[in-house]
Amino acid sequence: SQKIEQNSEALNIQEGKTATLTCNYTNYSPAYLQWYRQDPGRGPVFLLLIRENEKEKRKERLKVTFDTTLKQSLFHITASQPADSATYLCAPWSGGSYIPTFGRGTSLIVHP
Amino acid sequence: EPEVTQTPSHQVTQMGQEVILRCVPISNHLYFYWYRQILGQKVEFLVSFYNNEISEKSEIFDDQFSVERPDGSNFTLKIRSTKLEDSAMYFCASSGDRAELFFGEGSRLTVL
């Protein structure tokens, strides 16, 4: 069955450092992969979408890579700030469908 | 900035009762979704809706669930006979192009 794996342990980093979050998926080949941010008790907020023919996508301090051979996406936040503390959700589109399927997310905690 | 609005923000109901969760998607969007998130777990897809009909649904979306777009602005999720395990946060989302989903703040359903 299709599986999406994100680090279940929280990632703790110091302000100003680069945070790197990993998303691995198995048993399918999504054409698109999205990243969302979710704050406690709130709905997910869209951050970036990357297509299978794009190796890298950037938006301000955010960078996403998509390696279809490794079946992995990396999400980077440079110059991290305490306000970046949240859970980040990876959402590959299930094969043949336009429906984002979410991983459990990785909690990022940026310490001042 | 346009946003997806959901009501009620919190509903408490008795097991076996019917519940209707309401959503007002962003006005020019064409694609509508319901997701749910049980406390501490991942965001799970329930159903998508396009052109006045269900386009996709998950295994969770069984006969006790239904969706409707009763007029040009509202999108509702009905749970016919609630069970304890239906307790969750229910998120509505809409999209103009399916590439980016805009989520509401959610309706928290507590079934006693």
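Procedures and definitions
Residues numbered from 1 in each chain as written. Chains lettered and ligands numbered in written order. Predicted model: local features only at pLDDT ≥ 70, side-chain atom pairs only at ≥ 80, totals over all residues. Heavy atoms only, no water. Phe/Tyr/Trp six-rings, centres within 6.5 Å; stacked < 30°, edge-to-face > 60°. Helix = DSSP H or I, 4+ residues; strand = E, 2+ residues; numbered from the N terminus. Core = buried A, V, L, I, M, F, W, Y, C linked by side-chain atoms within 4.5 Å. Buried < 20%, exposed > 50% of the residue type's maximum accessible area, 1.4 Å probe, protein only. Contact = heavy atoms within 4.5 Å. Polar contact = N/O pair within 3.5 Å; in protein donor to acceptor, adjacent residues only side chain to side chain.

A. Highlighting the packing of aromatic side chains. Residues and elements named next belong to chain B. Tallied over the entire structure, the rule returns 17 aromatic pairs over all chains. Relative to Phe 45, the ring of Tyr 35 has its centre 5.6 Å away and its plane inclined at 65°; by these criteria the two rings are edge-to-face. Here Tyr 35 is found in strand 4 (residues 31–37), whereas its partner Phe 45 is found in strand 5 (residues 43–50), with 10 residues between them in sequence.

B. Structural view of the nonpolar core. Counting residues in each nonpolar core, the largest one holds 22 residues, and the members touching the most others are Leu 33, Trp 35, Phe 75, Ile 77, Tyr 88 and Leu 108 of chain A. The biggest single contributor to this core is strand 3 (residues 19–26) of chain A, with four residues. Those residues in contact with Tyr 88 of chain A, other than ones at most four positions away along the chain, are Gln 6, Leu 21, Trp 35, Tyr 36, Arg 37, Leu 47, Phe 75, Ile 77, Gly 105, Thr 106 and Leu 108 of chain A. Counting 21 residues, the second largest nonpolar core, distinct from the first, contains Val 47, Ala 88, Cys 92 and Val 111 of chain B.

C. Highlighting the environment of Tyr 88 of chain A. All names here are of chain A. With respect to the element layout, Tyr 88 can be found in strand 9 (residues 86–92). A C-alpha to C-alpha distance of 4.6 Å links Tyr 88 and Arg 37, two positions 51 residues apart in sequence. Within polar-contact distance, the side chain of Tyr 88 engages the backbone oxygen of Asp 84 at 2.6 Å.

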